[in-house]
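Here is what each chain is made of, one letter per residue.
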Amino acid sequence: MKHNALIAGVCLFMSACSHHSAQAPEAADAPIAKKVPHTMALHGVSRTDNYYWLRDDKRESPEVLAYLNAENAYAKARMSGWTALKDTLFDEMKSRLVKDDSSVPYRWKGQYYYRRVEGEREYPIIARKVSLDAPEQVLLDANERAAGHEFYSLGRTTISEDGKLLAFGEDTLSRRIYRIYIKDIATGALLDDVLENTEGEAIWANDGQHLFYIAKDPQTLLGYQVFRHKLGTPQSEDVLVYEEADDSFYIDLGKSLDGSQILLYHQSTTTSEVQLLDANAPLGEFVPFLPREEDHEYSITKLGDTYYVLTNWQATNFRLMAVDKAHTADKSRWREVLPYDEAVRIEDVLVLKSALVLQTREAGKTHIRIYQPDGTAPTEIEFDEAAYVTWLGMNPEQDSTLVRFHYSSLTTPDSTFDYNLSTGKRELKKQLQVPGFEAGAYQSERLMLPARDGTLVPVSVVYRKDKFNKDGSNPLYQYGYGAYGSVVDPDFSLSALSLLDRGVVYAIAHVRGGEMLGRPWYDAGRMFNKINSFTDFIDVTDGLVKLGYGAKDKVVASGASAGGLLMGAVANMAGEKYLAINAGVPFVDVVTTMLDESIPLTTNEYDEWGNPNEKPSFDYMLSYSPYDNLARKAYPHMLVTTGLHDSQVQYFEPAKWVAKLRDYKTDSNELLLVTDMEAGHGGKSGRYRQFEDMALEYGFFLHHWGLE
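Within each chain, residues carry numbers counting from 1 in the order of the written sequence. Only residues with pLDDT of 70 or above have their local features reported here, since the model is predicted, and side-chain atom pairs are shown and tallied only from 80 upward, although totals for entire chains, interfaces and linings are computed over all residues. Only hydrogens and water are set aside; all other atoms, that is, all heavy atoms of the structure, feed into the side-chain values.

## Re empty space enclosed by the protein
Space left empty within the atom packing is revealed by a probe, the size of a water molecule, rolled over the atoms. Here a cavity denotes a set of grid points, spaced 1 Å apart and computed over the protein atoms alone, in which a 1.4 Å probe fits but from which it cannot get out, and a pocket denotes an open set meeting protein on both sides within 12 Å along at least five of seven lines; residues with an atom within 4 Å of a point are reported as lining. Grid points are joined across faces, edges and corners, and a volume is the space filled by probe spheres set on the points. Enumeration over the complete set of coordinates arrives at 4 cavities of 30 Å³ or more. The space that makes up the largest cavity amounts to roughly 80 Å³. Contributing to the lining of the largest cavity are 15 residues, with Ser-486, Val-488, His-510, Val-511 and Gly-514 lying nearest its centre. Each residue gets one of three labels, nonpolar for Ala, Val, Leu, Ile, Met, Phe, Trp, Tyr, Cys and Pro, charged for Asp, Glu, Lys and Arg, and polar for the others, Gly among them. Its residues placed into classes, the lining of the largest cavity shows 9 nonpolar, 5 polar and 1 charged. Considering only enclosed or pocket space, the second largest cavity measures out at about 40 Å³ in volume. If you go around the second largest cavity, the residues you meet are Gly-364, Lys-365, Ala-386, Ala-387, Tyr-388, Arg-446, Ser-460, Pro-490, His-510 and Met-516. Grouping the amino acids of the lining of the second largest cavity by side-chain chemistry returns 5 nonpolar, 3 polar and 2 charged.

## Things to note about the sheet that holds strand 24 (residues 356-362)
Taken together, 4 strands build an open sheet; the order of strands is 23-24-25-26 and the sheet is antiparallel. Each edge of the open sheet carries a strand with a single partner, namely strand 23 (344-351) and strand 26 (379-380). Note: strand 25 (residues 365-371) against strand 26, 2 bridges, orientation antiparallel. The partner of Arg-369 across the bridge, within strand 26, is Glu-380. When DSSP finds two or more bridges between a pair of strands, those strands are recorded as paired. Numbering of helices and strands starts at the N terminus; helices are DSSP runs of H or I of at least 4 residues and strands are runs of E of at least 2.

## Some details on the sheet that holds strand 21 (residues 319-324)
Taking strand neighbours across the sheet as the criterion, the 4 strands line up as 19-20-21-22 in an open arrangement whose pairing is antiparallel. Of all strands in the sheet, those with a lone pairing partner are strand 19 (298-303) and strand 22 (335-338), marking the two edges. Averaged over all pairs of adjacent strands, the angle between strand axes in this sheet comes to 30°, irrespective of strand direction. Sheet topology note: the strand 21/strand 22 ladder contains 3 bridges and is antiparallel. If you follow Leu-320 over to strand 22, its bridge partner there is Leu-338. Here an axis means a line fitted to C-alpha atoms, over the contact stretch when the element is a helix, while the angle between two N-to-C directions is reported on a 0 to 180 degree scale.

## Side note on the packing of helix 3 (residues 83-95) against helix 13 (residues 690-705)
Taken N-terminus to C-terminus, the directions of helix 3 and helix 13 make an angle of 130°; their axes are 8 Å apart at the nearest point. Accordingly, the angle class assigned to the pair helix 3 and helix 13 is oblique. Judged by the sense of rotation from one axis to the other, the crossing of helix 3 with helix 13 is right-handed. Counting all contacts with helix 3, which are made through Leu-85, Lys-86, Leu-89, Phe-90, Met-93 and Lys-94, the residues of helix 13 involved are Phe-691, Glu-692, Met-694, Ala-695, Leu-696, Tyr-698, Gly-699, Leu-702 and His-703. Partitioned by chemical class, the residues of the contact of helix 3 with helix 13 number 10 nonpolar, 2 polar and 3 charged. Any angle that falls under 35 degrees is termed roughly parallel, while one over 145 is termed roughly antiparallel, one within 65 to 115 roughly perpendicular, and all others oblique. Left-handed describes a crossing in which the near helix is turned anticlockwise from the far one by less than a right angle; the clockwise case is right-handed. The contact criterion used is simple: two residues touch if any of their non-hydrogen atoms lie within 4.5 Å.

## Focus on the UniProt feature "domain: Peptidase S9A N-terminal" (unreviewed entry) in the chain
The positions UniProt marks with the feature "domain: Peptidase S9A N-terminal" (unreviewed entry) are residues 31-431. In residues 31-431, the share of helix is 9% and the share of strand is 45%. The end C-alpha atoms are 47 Å apart. UniProt positions are given in the numbering used here, feature names are shortened, and annotations may be inferred rather than shown by experiment.

## So, the packing of helix 7 (residues 531-546) against helix 8 (residues 562-574)
Two numbers describe how helix 7 lies on helix 8: the axes approach to 9 Å, and their chain directions differ by 65°. With respect to helix 8, the axis of helix 7 lies roughly perpendicular. You can see that helix 7 and helix 8 cross each other, and the crossing is right-handed. Counted together, Ser-533, Phe-534, Thr-535, Phe-537 and Ile-538 of helix 7 and Leu-565, Leu-566, Met-567, Ala-569, Val-570, Met-573 and Ala-574 of helix 8 form the full contact between these two elements.

## What about unusual backbone geometry?
Positive phi is not limited to glycine here, since His-43 has a value of about 55°. Turning to its location among the elements, His-43 is positioned in the loop between strand 1 (38-42) and strand 2 (45-49). Think of it in three bands: residues with accessible area under 20% of the maximum for their type are buried, residues over 50% are exposed, and the middle band is partly exposed, with areas taken using a 1.4 Å probe on protein chains only. Residue His-43 is classed as partly exposed on the basis of its relative accessible area, which comes to 25%. Of note in the backbone geometry, Lys-109 takes a positive phi value of approximately 50° without being a glycine. Looking at the element boundaries, Lys-109 is found in the loop between strand 4 (106-108) and strand 5 (111-117).

## Re the nonpolar core
Among buried residues, the Ala, Val, Leu, Ile, Met, Phe, Trp, Tyr and Cys ones that are joined through side-chain atoms within 4.5 Å form a nonpolar core. With 74 residues, the main nonpolar core has Leu-68, Val-461, Phe-537, Leu-544, Trp-609 and Trp-657 as its most contacted residues. No other element matches the 8 residues that helix 8 contributes to this core. Once residues lying within four places of it in the same chain are set aside, the contact partners of Trp-657 are Gly-568, Ala-583, Pro-586, Val-588, Pro-626, Tyr-627, Leu-630, Met-638 and Val-640. Counting residues in hydrophobic clusters, the runner-up holds 41 residues, among them Leu-89, Leu-672, Val-674 and Leu-696.

## Notes on the pattern of salt bridges
Any carboxyl oxygen of Asp or Glu that lies within 4 Å of a side-chain nitrogen of Lys or Arg is treated as forming a salt bridge with it. Following the criterion strictly, the structure yields 51 salt bridges and no others. Between Asp-663 and Lys-35 there is a salt bridge, with its nearest N and O atoms 3.0 Å apart. Placement of the pair is Asp-663 in helix 12 (residues 652-664) and Lys-35 in the loop between helix 1 (2-13) and strand 1, with a sequence separation of 628 residues. Within the structure, one salt-bridge network assembled from shared partners comprises Arg-116, Glu-118, Arg-121, Glu-136 and Asp-141.

Shown next as structure tokens:
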């Protein structure tokens, strides 16, 4: 019966049905979704969504699943001519991974912890040693845990203070809903304690008997409750110690570097709060460090009885202050350690007994500076490449005289360093091995290109020297994101080598909406400034072509999630400038999604996009929403990917978008929808399998460039 229902569902949308015969040439054999008008009215505006029926929250509708499977079958047929290319790309990417590899061990409480991978196995092995030359003790083999699962994601792993117990989270559905397990390290046995429906991380109290975790709302998938669990008791007896009443906030748990405090973080787009609990008194209550204040963001780190506060109070790009334990909630008692500099965005702070270490961003470039504990005598770790990123690594011991940091660039594989505070020297501990890669064969550049309003937009560019001619003849791949203040840093990409080695110029447009140029750069690309993200991307394309970095008819664009929104808007606004576009898990039905509070990640993103229940926001969001602004015109070749179990951008957004695109577009260009029926927002899991998605995207572009 179910099989027959699936067949019947196919007949509702397949182009073989006679009433769907009049379509653009590309769609002749494509699945054509039926139209079921669904009208929505608000603020005097009536919108009709003919494909609203594709939403199935349970993901069980035979008709919907049949449509998605038909799109997959169509895409597979259309890709048959370049399947061998896709397979070649996948093999290339896999070959760049060293089969047996390990992270650099870090020391915590007298033991050295690390992760390693081996052979063709997809997942890490977590291990430790009492000394670097001692025998290994395996804490967890994720490959064994992943056996039998199409998808597997390991959440955070945390060790009890006495080093005897391991807590770890697992997601086997790709909805970012984790089950937490507890393992006795000495025996290897799992305890009976199993915690369902969590964010995937447990924070241990210092007694080794209590741990804290965040539970998720089953509908919105927001983590909103903090529970305390006592080992040996059922989850039904866990104590609710905090519930977030404001659904515009995310919450998270952590622990102070000295292990004395359990930290509860609250974060909306523009406001934050930290609450504290004595890790030695787990039956106590969380107490605010400083109660939340609208538009005030701060984070804290502790050294003895002093707290260091990274705050944007009267400092848009943040400054560092300090306060004694007894006066945290009184900002008048906060004292400035490092003054505000509008040209410097402080991104991270490490407080050690002998030094303050800051990770900053200035003019788009990251820096690491070492200060004395009182904020004097800065020393900077120098780097000499045009486009790179550096960041603080795992530094779990406050009395250490070594600072671990990482470095990567478009032409330098990820590198791990230790900086000696006593000698001022740095030591390279490990650089990612990439078989066959010669850094000298490639060149990176940092450009500042003008947007239409005169603003200069940072652009990171890399190419292979012997295949690049600055005469406008090369294919050009341009990537962008531009949301949440997230920065797409110019770091090393194993997969991108497959484009560079074929003569493709690779560019990252650091558009407004990210935080490449500090917090004002983010504010200039969100809410009522969102259009800047789209026009920046288009103007960077024009600038790169004008300067000869790419051929006008060989430009492709790519972005995922909020970057998929960028792709959808760019396709509507200037699709003629692009040969092809890849939109991964794209957020394209902006207004409808942001009006539905039952969908994950809606109410807590009003400060990012706006609240469409308010007319000014509704009108502005409607002006750029890709789904609402599709036009009857030509579009580039387009590859759209999604995951059936995506918890961030629900699968039905890209599915509806493609269905409407098929109806509206007037060209014969290719339009493919590929739905991973097993995965979610992050795509396929596994060390090797992750490259399948990149091989698909790059194969699509290389095919349309004619570079098979």
